[in-house]
Amino acid sequence: MLHFSTKAGNLAQLYSLQTQNKLKHTRVLPLLTTTLNTLQNPESKNALLDSITTTFATFQCQKLIIRSSSQAEDSTKSSNAGAYESIANVDSNDKKAVLEAINQVALSMPNPNDEVLIQPMLESISMCGVAFSVDKESGAPYFCISYDRSGSNSAITSGSDGEIISFCEFRGYKDLEANASKVDSKNLDIATHHSPDYPYLERVMDMMRELEDLFDCKALDVEFALSADVLYCLQVRVLVIAHTLQNNLLTTRALSRLYKRIDSLCAPQEHILGKRSVFGVMPDWNPAEIIGLKPKRLALSLYKEIVTDNIWAYQRDNYGYRNLRSHPLMHSFLGIPYIDVRLSFNSFIPKNLDSHIASKLVDYYTSELVENPQLHDKIEFDIVLSCYDLALDSKLKKLLNFGFNANELKRIEFSLLELTNSILNPQNGLYLKDLRKMDELRLRYEGIVRSSAGVYDKIYWCIEDCKRFGTLPFAGIARAAFVAMQMLHSLVEIGFLSLEEKESFLASLHSVSKDLSMDLMLLKTNGNKKAFLEKYGHLRAGSYNILSPRYDESFESYFDMLDSLPNPKDIHATFSLSEERFQKLDMLLRENGLKISGKELFQFFTCVIEGRESVKFEFSKLLSYALKLIKELGENLDIEVQDMAHLDIKSILSLYSSLYKDSPKERFLSEIQAHKLEFALTLSLKLPSLILRGSDVWSFYLPHIAPNFITQKSVIADVLALETLAQDSIKTQDFRDKIVLIESADPGFDFLFAQPIAGFITCYGGANSHMAIRAAELQMPAVIGVGEEAFAKYKLAHKLRLECASEQILCL
């Protein structure tokens, strides 16, 4: 068994095995080491230069790579990766350049006895990358490989962008494949196995298994390169998280069940159009953004209860789309929420469209998403035709390449036009009725707060009224707001508006975040915290998360820099069009069959985009109060709030209409314990953001993500990663002039816009998400939905440059 030492020491042990023909699945380049102290002796210096010539002669290299191999690197508690110098492409025949490079690397390390590692520089590299034998974030049992095919030998380790490909495979898959006859499954074939890269990735995984056995360690970080069909190990070290790894709850049995369930759901379904389905964490009601990728049971069940089980479908039906009532939009795959994308595609079809054409449309949408998985958070803008807009003609023409004929295109166009006119109607549009429900929503909330009813009753009616008068109308107004944004984008596409004019219009809108900024300015002058909290106190950073404090529970945590807050920007921004341009727009609308004037159209834009945020703000009062009551219920039952987060909302709601002889405490505690075990399994699970088939649970490539850049601005600033929603975490942060990184966001994160931040980046989120809208309104540079891999890289950066116009994020 080998023992971990320095970078050079680890490779030297492997090289020794290689010379004995005991290394089967990889090769190690010949190596030499020296130290700063050694270099002080002229004789040792000359001997080293001679050794370079003789040791590397058989390798016939023209270039050297000289790297650090410090005792301060690659320990089980800290890797210090990249902390010290590495110099590549040093001319092996230029003794002066070699000595200068060695000296430079040696001086970058803290100890004069730290080793400098010298090796031949690989050329003609066809693949290079980094492989982990477990997930580096959670320790879950997956091989995780990031690699580059550009020929660069540093694209991965340097963190530079490029064609970086990320691949994951469950470690138990190979055993399952070997024992396929014992598994109750017809087909274990994995689509990734048909990738031309997979045979090479298999070799990398075989190398990892061999290294694990040699070092007796199941948590390795290995750098590798493929050159002339030879797989080289360039570095092996123990993962920093290795000492924290615990017994993993993720089993082959659990994944086998999930694999079969997904295949079942992907198959043709009665009453649902489309030959197949796919599942995503970001399409439609994007759960990854709203409740997070791995929410606890209370947050997950609340979102299902008040939005994705029924409400979403009722309002789509009301607005003229196909009736999908009784079909849950979101599924929980071992605790990770996924949207049934086929169902979502069905729900964007006008109900008066012929079923045959509708079915072809669903299959077209699905094929487009499968071919372009990077669009998974943009399906409503870039794939689906869910409303009429002024650039529809060019979008419809794409369908001709998918077997649609001209007659079918006309029927799609007319059905979308009829539906859109119904939504836009200035007198009878359903959005007007939905907006009026806000008054009743406020009354219901105030009535529950004042009520002397018991806590079970209050929780029940909070949720019921939230659905009926909150999320139901919100779903409708959100649909109308999407139509507004689509129409607004189309005005830019056809050249009627410039991009700057569109941004100016959005900046002119009145919003909750602008009110919050103005009210904070008033608070600075009048000190009336009570009035401020009466209006905004219900907000929390994580609307469905009971563990996230409300503003009125932790004001100082959110607004501790009140005295130094900057004056809000663009609060009084205005937008206007001349009468001549409105007349031109009137003509455009008439030519397209849209029964609305130009001024009425912009009034519609304003009404629904502002209204969407207002209704969200109002229904979040009931949601937040329900969470507050659930916390109180836990206190009454002597159950910690951290445990209440693992309860299912249906178990709590059942107490309203069902009385049992015993207190619910024991039943709650039993359920909490079971859900905690399930959540521990969820934390170990690694799945792609877009699941195309059941076998993706075993092996998958992470899709390339196309982030959403907001504004045309650029900014350079230090990075602040807001890791948690805990009170102390928020309170101790210095937001001034930082680019803030947050995984997902909702109205509770509006406090960020009152902070002196330079910009922000989210891991999850779409072009039409809450934070995207906020950033556009306030003209704040932001990047929404960069994806897990990029987000992890940006968190490690000290400084970033956002170039929103050119759509670049640069690590400085």
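Structure: above.
Fair warning: this is a prediction, and the values are worked out from it, not measured in the lab. (Residues numbered from 1 in each chain as written. Predicted model: local features only at pLDDT ≥ 70, side-chain atom pairs only at ≥ 80, totals over all residues. Heavy atoms only, no water.)

S.K.: Could you give an account of the pattern of salt bridges, with specific residues and numbers?
M.R.: For the structure on display, the rule yields 39 salt bridges. We note a salt bridge from Lys395 to Asp389, for which the minimum N-O separation is 2.7 Å. Look at Lys395 and you get buried, because its relative accessible area is 15%. In the salt-bridge network here, residues are joined through shared partners; they are Glu305, Glu464, Lys467 and Lys650. (Salt bridge = Lys/Arg side-chain N within 4 Å of Asp/Glu carboxyl O. Buried < 20%, exposed > 50% of the residue type's maximum accessible area, 1.4 Å probe, protein only.)

S.K.: Can you lay out the packing of helix α9 (residues 297–308) against helix α23 (residues 598–636) for me, pointing to particular residues and giving the numbers?
M.R.: Packing of α9 against α23 brings their axes to within 13 Å, and their N-to-C directions diverge by 140°. Classed by the angle they form, the pair α9 and α23 counts as oblique. Regarding α9 and α23, the two cross each other, and that crossing is right-handed. Two secondary-structure elements touch here, α9 through Leu298, Leu302 and Ile306 and α23 through Leu623, Leu627 and Ile630. Among the residues making up the contact of α9 with α23, the classes are represented as 6 nonpolar, no polar and no charged. (Axes fitted to C-alpha atoms, helices over the stretch in contact; angles between N-to-C directions. Helix = DSSP H or I, 4+ residues; strand = E, 2+ residues; numbered from the N terminus. Parallel < 35°, antiparallel > 145°, perpendicular 65-115°, else oblique. Left-handed = near helix turned anticlockwise from the far one by under 90°. Contact = heavy atoms within 4.5 Å. Nonpolar A, V, L, I, M, F, W, Y, C, P; charged D, E, K, R; others polar.)

S.K.: Describe in detail unusual backbone geometry, supporting the description with residues and values.
M.R.: Located in the positive-phi region is Ser124, a residue other than glycine, with phi close to 55°. Here Ser124 is to be found in the loop between β4 (115–120) and β5 (125–132). For Ser124, a relative accessible area of 65% gives the class exposed. Located in the positive-phi region is Asp284, a residue other than glycine, with phi close to 60°. Looking at the element boundaries, Asp284 is found in the loop between β10 (279–280) and α8 (287–290).

S.K.: Which residues make up the packing of helix α12 (residues 355–371) against helix α15 (residues 406–424), and what values go with them?
M.R.: Packed helices, taken two at a time, are described by their axes: the angle between them and the distance between them. For the pair α12 and α15, the least separation of the axes is 11 Å and the interaxial angle reads 90°. Classified by the interaxial angle, the pair formed by α12 and α15 is roughly perpendicular. Counted together, His356, Ile357, Lys360 and Leu361 of α12 and Glu408, Arg411 and Ile412 of α15 form the full contact between these two elements. Partitioned by chemical class, the residues of the contact of α12 with α15 number 3 nonpolar, 1 polar and 3 charged.

S.K.: For the nonpolar core, give the residues involved together with the corresponding values.
M.R.: Grouped together as the largest cluster of nonpolar side chains are 158 residues, with contacts concentrated most on Tyr544, Phe605, Phe751 and Phe760. The greatest single-element share of this core, amounting to 19 residues, is contributed by helix α17 (residues 455–493). Residues in contact with Tyr544, not counting those within four places in the same chain, are Ile290, Ile291, Ala299, Leu302, Tyr303, Ile306, Val307, Phe619, Leu623 and Leu627. Of all hydrophobic cores here, the second largest spans 88 residues; its members include Leu117, Met208, Leu800 and Leu802. (Core = buried A, V, L, I, M, F, W, Y, C linked by side-chain atoms within 4.5 Å.)

S.K.: Account for the sheet that holds β4, naming residues and giving values.
M.R.: Strand order in the open sheet formed by 4 strands is β1-β4-β2-β3, and the pairing between neighbours is antiparallel. Strand pairing shows two members of the sheet lacking a second neighbour, β1 (32–35) and β3 (86–91), which therefore form its edges. This sheet shows a mean twist of 25° between the axes of neighbouring strands, independent of strand direction. With respect to the sheet, helix α1 (residues 7–19) is in contact with β1, β2 (63–69) and β4, its orientation differing from that of β4 by roughly 45°. Contacts between helix α3 (residues 42–55) and the sheet are confined to β1, β2 and β4, with β1 contributing the most and set at about 170° to the helix. (Pairing = 2+ DSSP bridges.)

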